[in-house]
Amino acid sequence: MSEVAEKLNGIKTAIADAANVCGRDPASVQLVAVSKKQPPERIQEALDAGHRLFGENRVQEAYEHWADLKERYPDLRLHLIGPLQTNKAKDAVALFDCIETVDRVKLAKALAQEMESQGRKIPCLIQVNSGEEPQKHGVLPRDLPVLLEQCRALGLDIRGLMCIPPIDEPAALHFAFLSRLAKSFDLPELSIGMSNDYERAIPLGATYVRVGTAVFGPRPVSVTG
Ligand SMILES: *Cc1c(COP(=O)(O)O)cnc(C)c1O
């Protein structure tokens, strides 16, 4: 068994255990394997192991990784988990199966327009800047209600919320906060938890965990920067 296959097995077992402990159906938590910056061999190992749900944070790099593989693996699903510029909305809608990072009305408009013109409606999550960090993407919690309403008026299929907690604060606080927010708006999906804290995200309601290094190993440092 490949190294990636072993790690995937271990993480899937840990997810199932964490779900069982808190009385959740293990199938209600999906593992988004974050393949950004990973070499093609490791991605292939994950595919060979039968894994089909992946996350990328850049549109261009995602094309390089996945454009061909999408044809070879028709059941592949890709989530965009990084910030999206409106001028990339077209490519993003064409490639991805879920956009997790809707965070402003201008982007919502561009996505709605692209989905309409491509005849391809894909689900979205709203990224919330739960730590209200100035340098971070995501809508501020107090601006969420208005953005959600605007997205719905545009016809976007908003399924849930996503956040990236500040590195210097306990992630669980942010997960719990996001979970309450999602419930209060009747949003079923919650994308919380990464390599270091995905098990803790499960009792707090994660339906997607986004795990990169724990699946693929450390991301190689690029020599070109
Ligand atoms: C890179 C990334 C991850 C995965 O991080 P790991 O620590 O490698 O698991 C998850 N979410 C987002 C938004 C990311 O950019």
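Look above for the structure.
This section reports on the structure supplied with the text. (Residues numbered from 1 in each chain as written. Predicted model: local features only at pLDDT ≥ 70, side-chain atom pairs only at ≥ 80, totals over all residues. Heavy atoms only, no water.)

### Brief notes about the nonpolar core
Item 1. Within the largest apolar cluster, 65 residues are counted, with the highest numbers of intra-cluster contacts made by Phe54, Phe96, Ile99, Leu111, Ile126 and Leu161.
Item 2. Here this core takes 7 residues from helix H1 (residues 3-21), the largest share from any one element.
Item 3. In this view, isoleucine 126 contacts Glu100, Val102, Val139, Leu144, Leu147, Leu148, Cys151, Ile158, Gly160, Leu161 and Met162; residues no more than four positions away in its chain are not counted.
Item 4. Val32, Leu53, Leu125 and Tyr208 belong to the second-largest nonpolar core, a separate cluster that totals 8 residues. (Core = buried A, V, L, I, M, F, W, Y, C linked by side-chain atoms within 4.5 Å. Buried < 20%, exposed > 50% of the residue type's maximum accessible area, 1.4 Å probe, protein only. Helix = DSSP H or I, 4+ residues; strand = E, 2+ residues; numbered from the N terminus. Contact = heavy atoms within 4.5 Å.)

### Observations regarding the site of the ligand
Item 1. In the vicinity of the ligand, the residues found are Val34, Lys36, Ile81, Met162, Ile164, Met194, Ser195, Arg210, Val211, Gly212, Thr213 and Arg219.
Item 2. Threonine 213 has a polar backbone atom sitting 2.8 Å from an oxygen atom of the ligand.
Item 3. The side chain of arginine 219 places a nitrogen or oxygen atom 2.8 Å from an oxygen atom of the ligand.
Item 4. Relative to its free-state accessible area of 380 Å², the ligand is covered by the protein chains to the extent of 89%. (Near = heavy atom within 4 Å. Polar contact = N/O pair within 3.5 Å; in protein donor to acceptor, adjacent residues only side chain to side chain. Areas by Shrake-Rupley, 256 points an atom, 1.4 Å probe, with all protein chains shown as cover.)

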